[in-house]
Structures are given as C-alpha cells and as structure tokens.
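Below are the chains, spelled out letter by letter.
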Amino acid sequence: MPDTIISNSNAAHSRSGVFNLRRRATLLGLAAGTFVVATRLSSPAFAQEKNYGGDAMPGGLKDDPRVFLSIAENGTVTLLCNRAEMGQGIRTGWAMVVADELEADIGRLKVQQAPGDEARYGNQNTDGSRSMRHHFNPLRRIAAAARLMLEQEAAARWNVPVTEVKAANHEVVHAASGRRLAFGALAAGAAARPVPSQQMLVFKTPDRYRYIGRPEMQLVDNVDITTGAALYGIDARPEGLVYAVIARPPVFGGKVKSFDAAETMKVPGVLKVVSIDGPPIPSVFQPLGGIAVVAENTFAAIKGRSRLSIQWDDGPNGTYDSAAYRKTLEEAASAPGLVVRNDGDVDAALKGAAQRMEATYYLPHLAQAPMEPPTATAHVTADRAEVWTSVQAPEAVRTDLSKRFNLKLDQVVVHPLLLGGGFGRKSKPDFATEAAILSKAMEGRPVKLTFTREDDLQHSFFHTVSVERLEAGVDAAGKPVAWLHRTVAPTIFSTFAPDPGHEAPFELAMGAVDNPFAIPNFRVENPAAKAHTRIGWFRSVSNIPHAFAIQSFSAEMAAKLKRDPKDYLLELIGPDRLIDAGAMSDKWLYGEDPKLYPFDTGRLRRVVETAAKEAGWGRSLPAGHGLGIAAHRSFVSYAAVVVEATVNARGELAIPRVDIAFDCGAVVSPDRVRSQLEGAVVQGVSLATVGEISFKNGRPEQTNFDGYELTRIDAAPAEIRTHLVNTTSFDKPMGGVGEPGVPPVAPALANAIFAACGRRIRSLPIRNQLAPKT
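A quick note: this is a predicted structure, and the numbers were derived from the prediction, not measured. (Residues numbered from 1 in each chain as written. Predicted model: local features only at pLDDT ≥ 70, side-chain atom pairs only at ≥ 80, totals over all residues. Heavy atoms only, no water.)

## Thoughts on the sheet that holds strand E13 (residues 338-343)
As a general point, the strands of a sheet are linked pairwise by backbone hydrogen bonds and lie either parallel or antiparallel.
Okay, so step 1: Here five strands make up an open sheet; going across it, the order is E13-E21-E20-E19-E14 and the pairing mixed. Pairing within the sheet leaves two strands with one partner each, and these edge strands are E13 and strand E14 (355-363). The average angle at which neighbouring strand axes cross in this sheet is 10°, direction not considered.
Okay, so step 2: Relative to strand E21 (residues 521-526), strand E20 (residues 480-488) runs parallel, the two being bridged by five bridges. Residue pairing for E21: Leu 484 is matched across the bridge by Arg 523.
Okay, so step 3: Along the sheet, helix H15 (residues 543-560) makes contact with E14, strand E19 (466-474) and E20, crossing E14 at roughly 145°. (Pairing = 2+ DSSP bridges. Helix = DSSP H or I, 4+ residues; strand = E, 2+ residues; numbered from the N terminus. Axes fitted to C-alpha atoms, helices over the stretch in contact; angles between N-to-C directions. Contact = heavy atoms within 4.5 Å.)

Rendered as structure tokens:
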C-alpha cells in the first residue's frame, strides 16, 4: 500500500480519450424477449472424474446457457466467452462449436468477453492450453439444450410432436407441412419452457457439422481487429483518466532506501509521486514496490520518472550473476539429487554397458515479451474497484483487490480486454494491482498504469534457467539399457511459497519423468536449485529445457552409434503402447484423468513418421545443409518437428524450411491450430537462436529488443509446413494446442545444425556459436 504521497494539486484533470468505456457497455445485458435457458448436463461422449480436468480448476466448468447464451428477437445470438483472447482465436473456436450444435448461422452470432467472475462463469485462467479441450463439451451442452427448447416451442405452437420438427440454419422447420419459424420469433416462448433433462438431449454427429473442423473460417472479430475497432488493454480511457509509470526495484526483493522527487515535480503535467511498499518474498503476484509517477499523460510520467533520485537497497539477490549461477547449476547436476523416478537398476546397468554417453545442456532465463507490454486501468472508490486490462487471470485481480481494499468480491469488477500477446506473463496481474493502488492514492480518479518495454523486460516473471545432464548406456548392439537424467532449475513454486529448492511435480512432469523411452533402467533426479528472481510461466514452461536436452541427446546417441537419428528416436520410443502416468512417476498429467489420457507412444511415433515423410527425410542435400528431427508430448498433445538448416562458411545460419506434425486429437478450427503451430515454430526458433535474459549484480542485463532479441523476418524459417495428424474422433478427449508446438523446435534445429556443419549445440541461445573457429 502507498505510504508516501507527493502531490501537485494545481495540475488540471485530463479528459481526453478515444472512447469512454463504461460498465454497462461491457457487460452482456439480456433484454426483454431474449431467449435464455439453464441446464447442468453430462458430457455427450466421455466424462472425467470431478477431481480432474476443467471441473478440478478453481471455479470449475459452467454450462448454464442463461449465463453464456442469448437470442434476441431479431435472431442475433450472443455468446459470452470466459477465456482471454490473445491471438489464439478462441472466440472463433467457441463460436464454431455453439453455432454448429445450436444449428445457428455463425454469421448471426456475436461473441462478447465475459467479465471476471469465476463463481458465475467458471474458471477464467487462460493458460495450460485448456480453452478448447476443457470447454468443447460444455459448449455443446449449452447449445444442444437451447436447440431442443427452441424445437419444443415450435412444436407446441404447431401442435405437432417435437420429434417432427428440427432446428436448421437459424430456424425451426416442420418438414411435413413446410412451416418454419426463426429463432428470434421463438426466443421468448422457448425461454419460458422447462429445461429439458440431460437424457432428452441429442448431439449432432460429426458428419453433420457445418463449422466444426472446417478450414477457412473467418475470425469472428477479424474486422474489428484489422480496422482498429477492437479494444486492447491499452485502449481503456474512462472519464478523468490520469497516467502512471513506476520505478521498481532493479533487483528482485530490493526496496527503496530513500528518494527525492523534487525534480520530478517540476516536470509539466506531473500530478503526484507515490511510494509503493514492496512485499516480502515470496511475493506471489504482488507488485514489486517502488516509486510511481502519476501525470496528465504517459510522456510526462516517464519524463518525471527519469528525474527521480532513488537510493536502492538491493536485498538478498543483489549478487545474482548468471555466469556464476550456471556453474552452480552444473555442479549440482554433476552430483546425485532427489530421485523423482526410478525404474530398474540404473547404476548396475551403466556399469555393465558396452558404451556410455553423457552430455550437459544449458538454457537461460527467458522473458515473455508480449508485443503489448502489461497495462491496466483502474478506478477505485470507497465501495467499488473497477479494472480494465489485458489479463489472462481476471479472478486473481478480483481476489487481490477484494482483500487489499476490504471490498466484497462482487464490488470488484474486472473487464478483460484483448491481449496483444500474453505467453504466460499476463496470468500474473501485478500490473493491475499497481493501477488500483495508484487510483486509490489519487482519491478515486481512474489511473492507467503502463509498462514500457524496459519495464517489461526488467520486471517480468522469468522463465526458469536450467541445466540438464543426461547419461545413457547401450549394449553391444547399440540398444539402450540405462538412462539417467538430472534436471536442475529454480522452481515456479518459489513465487508462491518459501522456496522448496526443487522443481515441482508439475514441472518434472513436463517431459522429464514422463519420458516414454523403452529403456528398462531409468532414473530421473532433481538436484536442488534456489531461485534469485521471480519465476513464472512461459509458453510451454519446463517442456522447453526437458525436450531440448532429451531430444538433442537422443540425436547425439544416434550419431555416436552411426545410426539414423529418426530411426534411433523411434527405437527409443519403442513399440506402440499405452503408458499410465503413474508408471512414469507423473503425479500431474496436466491435471487430466490418467484413464482418459495415457501416454500413447503410437501417436508419438506417428507424428515422427509424418514429419519425416513430409520433410523428405533422407533426401540428398547440398553441402552445408542438414535435417534435424525432434518430438515431444506436452499438454496431452503430440508434436514432431523436422528442421532444414544451412550453415555457410561464415557461420551464418538460415532455415529454409520447417515441417511440424501435430496430433491433438479432433480439431475444431484447423486454421487456428495451424496458426498456433506456425507461431510456435517462430517462437521456438527465437528462443533457440537469440533469446536470453542474463543477470549481473541482481539486475537483468537486457533492457529492450536491442539486447533481448526476437527472431526477425529475415531470420525466420522461409517456409513452415504444418501437418495435422488426426488420430481420434470428437468422442475422445482433446489435447492442447497453444503450447505443444514449441518444445521440439529448438532440439530439431540444433540437430539440423549438427547435420549441416558438425557443430553440436548444447547451450542456448545459439547466437555466434557457429562462427568459424580461429
């Protein structure tokens, strides 16, 4: 909470703005005559136990059409989406499912964003690649119930059995008489009818789908986005808005020793300087503290911040140094650690192996760096807190502000706006809390808090740094007989609780313990590592280091044994089988039901084979060209990548082509899946080649995109080919889409580089490692 406020009461209020965003315009109003229904129905095909899947998430799953669906008298269908839209196209996917099951014309369906309220809308934390896999069946239940009630209303008006009428293309038809009524004409009467029981529901079969699974479906919000009408977090401008930036401690856990704001207050437009106390560690999603500058515009706030004179106490992490810490991690990986999976007798098998191999891999911290940095607008009064923001977890904002300002939860209103990228950063809403603190300090005036790019990169919740050490033994025929994996990384849990020093079960189950290789003697260890900065989610999380190490090492084994990397990878995967999560010491399985989601090595093999076939694996290549392959299961989906890389005599890397094969089960929106995979490939290339956050004296050394580089167009793959491998139907559980494409990219690229020039990459980012040796 603020403990020091310096004000300039003579500054004028700023009332300019592109628009005035009010609560009534944001919330969905159900007008008289609108059709709404309510029901709680079972899954049409399969169901997880309540302690798994979406039902186990905070807030659970909701399928009440009174909450999510309305039909106006003019026939317009409005669907509320409770998942954050950040470019993944979830609003379009939801619209496709509901329009299909409802028999609505998707062109007459609108999607609006649900405000934050998990008690009403169910879980709203948009992460973990869950938005479709958890909500496909609830959406079908909502729409099927609504369709049946429309049919019942039409049948009653015509005095015919309901079995003789059928909804089709936004109306209900009685084929025998040729009579038809539009949805809008039936809405009021249908709303008054009893909710049908779940036994009465009939779901459409996939052969009757008009939208689900169909390519070339236009985004439902495409026009608004491309014309600038769509509202992102930065766009909210309520009446009387003022603007703020914050000088935060440069070291995590640091605090202000003293400050002088005299020069800041001389900057035209500066209104107040507010001191914000930092929280103790672990800080969860709380602001870091620091000195805020509130002004009539963002430029004045930034200028005023630059004039602050601050003395910092760096705290316990002031000596954090990435180069030194890497040595600490490598030392930890060289010694035994906490055993988290243990099959057979690895030590004896290694001792008796005909050949032993080992390698150590390093991956640095990463920042999510969304194109739209964190931003929030808050308006806090004595009895209400209202926030407009691009956030992945609106309920986290509501919960924090309710406690912070002693408000009831229903007195805190959060309007999630479009996200200009998220990648996990915006699931941690510290920036929304900062805006609310400053609005309170401004005596109830709305405040827009903006992160500059420097703020974003210096004060993120960083992807963890890690060292992965692998050792394997093979028999005389090259068959693997032993596998030892030591994974060492600070844990995300250090953000939420006293640092346990070990990766959490969910982090270990991202490719380390849930490794399906058919090796009889298998051990995974987790030596201790302490966090010295804020650790948070990054797209695909710990799958990145685990996949990089395992898939790189698999190719190294193949090279030493003079085997084809693809063939040897398939040998490691072994015969087709279904592996229970518990058999691999996987205590998490992405929160899903182990009975519904066994590890299917047949599906992993098929994506490997598909990627290899489509890429022309084994084809003749010019000198300096190479193909690399990698595969990984994450978020209960299967992905394989083949990269074609070239390395010239000057050590310059180019990527002519990437093929990615992907199996997430049944696909609702093929175009959106392909877009996610293409983005995953580019992001995977970026983190492999240039991505790194390093620390010196506790401070991130990178401040903007000149230091924290992202892959640019000229360095991106010239061609990305996506191959969807649909091995299951819509009556089977779905996998995730947003994240699983990332993990195999870096190892496939590293393996391609080795094939092209003989250089082995064990440390990321690649950067200048390919330069000619002098």
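## Topic: the sheet that holds strand E29 (residues 720-724)
Okay, so step 1: The mixed open sheet is built from four strands, whose spatial order is E24-E25-E26-E29. Edge strands, defined here as strands with exactly one partner in the open sheet, are strand E24 (625-634) and E29. This sheet shows a mean twist of 15° between the axes of neighbouring strands, independent of strand direction.
Okay, so step 2: Where strand E25 (residues 637-647) lies against strand E26 (residues 653-663), nine bridges are found, and the strand directions are antiparallel. Looking across to E26, one finds that Tyr 638 is bridged to Asp 663.
Okay, so step 3: In this fold helix H18 (residues 670-689) packs onto E26 and E29, with an angle of close to 130° to the strand it touches most, E29.
Okay, so step 4: Each of E24, E25 and E26 is contacted by helix H19 (residues 745-757), which is oriented at about 160° to E24, the strand it contacts most.

## Re the pairing of E21
The two faces of a sheet get side chains in turn, since along a regular strand they alternate between them.
Okay, so step 1: Counting buried residues in E21 gives six out of six residues, a clear majority hidden from the surface.
Okay, so step 2: Both faces of E21 are covered, namely the face carrying Asn 521, Arg 523 and Glu 525 and the face carrying Phe 522, Val 524 and Asn 526.
Okay, so step 3: In this structure, E13 lies alongside E21, joined through five bridges in antiparallel fashion. What sits directly across from Arg 341, in E21, is Val 524. (Buried < 20%, exposed > 50% of the residue type's maximum accessible area, 1.4 Å probe, protein only.)

## Overview of the pattern of salt bridges
Okay, so step 1: Evaluation of the coordinates by the stated rule reveals 48 salt bridges.
Okay, so step 2: Among the salt bridges present, the one from Arg 130 reaches Asp 127, with a minimum N-O distance of 2.2 Å. With respect to burial, Arg 130 and Asp 127 carry one shared label: buried.
Okay, so step 3: Residue Arg 767 is joined to Glu 692 by a salt bridge in which the shortest nitrogen-to-oxygen separation is 3.1 Å. (Salt bridge = Lys/Arg side-chain N within 4 Å of Asp/Glu carboxyl O.)

## Digging into the side chain of His 135
Okay, so step 1: Relative to the helices and strands, His 135 resides in the loop between helix H4 (118-121) and helix H5 (136-158).
Okay, so step 2: With residues up to four places along the chain from it excluded, the contact list for His 135 reads Leu 61, Asn 82, Arg 83, Trp 94 and Arg 130.

## Thoughts on the environment of Lys 272
Okay, so step 1: Note on placement: Lys 272 falls in strand E10 (residues 270-276).
Okay, so step 2: Sequence separation of Lys 272 and Glu 296 is 24 residues, and the distance between their C-alpha atoms is 10.0 Å.

## Section: helix H9 (residues 322-333)
Okay, so step 1: Given a rise of 1.5 Å per residue, twelve residues ought to cover 16 Å, and the 16 Å separating the end C-alpha atoms of H9 matches this to within 8%.
Okay, so step 2: Among the residues making up H9, those that are buried are Ser 322, Tyr 325, Leu 329, Ala 332 and Ala 333. The arc that holds every buried residue of H9, seen down its axis, measures 100°, which confines them to one face. Exposed residues lying more than 90 degrees from the buried face of H9 are Ala 323, Lys 327 and Glu 331.
Okay, so step 3: Structurally, H9 contributes buried residues whose contacts are with E14, E19, E20 and strand E27 (695-696).
Okay, so step 4: Between the side-chain oxygen at the start of H9 and the backbone nitrogen of Ala 323 there is a gap of 3.0 Å, and the oxygen is on Asp 321. (Expected span 1.5 Å × (residues − 1). Arc of directions from axis to C-beta. Polar contact = N/O pair within 3.5 Å; in protein donor to acceptor, adjacent residues only side chain to side chain.)

## Looking at helix H17 (residues 601-615)
Okay, so step 1: Under the 1.5 Å per step criterion, the end-to-end length of H17 is 21 Å for 15 residues, consistent within 8% with the ideal 21 Å.
Okay, so step 2: Turning to H17, its buried residues are Thr 601, Gly 602, Arg 603, Leu 604, Val 607, Val 608, Ala 611, Ala 612 and Ala 615.
Okay, so step 3: Buried residues belonging to H17 abut helix H16 (565-573), strand E22 (578-579), strand E23 (599-600), E24, E25 and E26.
Okay, so step 4: At the N-terminal boundary of H17, the capping side chain belongs to Asp 600, with an oxygen 2.9 Å from the backbone nitrogen of Gly 602.

## Re the packing of helix H11 (residues 394-404) against helix H12 (residues 430-441)
Okay, so step 1: Direction vectors running N to C along H11 and H12 enclose 35°, while the axes themselves pass 10 Å from each other. Handedness of the H11/H12 crossing: right-handed. Counted together, Val 397, Asp 400, Leu 401 and Arg 404 of H11 and Ala 432, Thr 433, Ala 436 and Ile 437 of H12 form the full contact between these two elements.
Okay, so step 2: Split into classes, the residues belonging to the contact of H11 with H12 amount to five nonpolar, one polar and two charged. (Left-handed = near helix turned anticlockwise from the far one by under 90°. Nonpolar A, V, L, I, M, F, W, Y, C, P; charged D, E, K, R; others polar.)

## A closer look at the packing of helix H3 (residues 90-102) against H5
To characterise two packed helices, one gives the angle between the axes of the helices and the distance between these axes.
Okay, so step 1: Contact geometry of H3 with H5 gives a least axis separation of 8 Å together with a crossing angle of 35°. The way H3 lies across H5 gives a crossing that is right-handed. Here H3 contributes Trp 94, Val 97, Val 98, Glu 101 and Leu 102 to the contact with H5, which in turn contributes Phe 136, Leu 139, Arg 140, Ala 143, Ala 144, Ala 146, Arg 147 and Leu 150.
Okay, so step 2: Among the residues making up the contact of H3 with H5, the classes are represented as ten nonpolar, no polar and three charged.

## Here we look at the packing of aromatic side chains
Okay, so step 1: One pass over the full model with this rule turns up 21 aromatic pairs.
Okay, so step 2: Through a chain of ring-to-ring contacts, the aromatic side chains of Phe 493, Phe 506, Trp 588, Tyr 590 and Phe 635 assemble into a single cluster.
Okay, so step 3: Seen from the ring of Tyr 362, Arg 326 lies directly overhead, with NZ or CZ sitting 4.1 Å from the centre.
Okay, so step 4: Between Arg 534 and the ring centre of Phe 461, over which it is positioned, the NZ or CZ distance is 3.8 Å. (Phe/Tyr/Trp six-rings, centres within 6.5 Å; stacked < 30°, edge-to-face > 60°. Lys NZ or Arg CZ within 6 Å of the ring centre and 35° of its normal.)

## With respect to a nonpolar patch on the surface
Okay, so step 1: Together, Val 284, Phe 493 and Phe 496 make up a nonpolar patch on the protein surface, roughly 220 Å² of accessible area in all.
Okay, so step 2: Within the secondary structure, Phe 496 sits in the loop between E20 and helix H14 (505-508). (Patch = residues over 30% accessible without salt bridge, like charges linked within 9 Å, V, L, I, M, F, W, Y side chains within 5 Å. Areas by Shrake-Rupley, 256 points an atom, 1.4 Å probe, with all protein chains shown as cover.)

## Focus: unusual backbone geometry
Okay, so step 1: Cis geometry is adopted by the peptide bond preceding Pro 282, which originates at Ile 281 and carries an omega value of 5°.
Okay, so step 2: Here Pro 282 lies in the loop between E10 and strand E11 (290-295).
Okay, so step 3: Looking along the chain, the bond that leaves Leu 764 and enters Pro 765 is cis, with omega of 0°.
Okay, so step 4: Assignment of secondary structure puts Pro 765 in the segment after H19.

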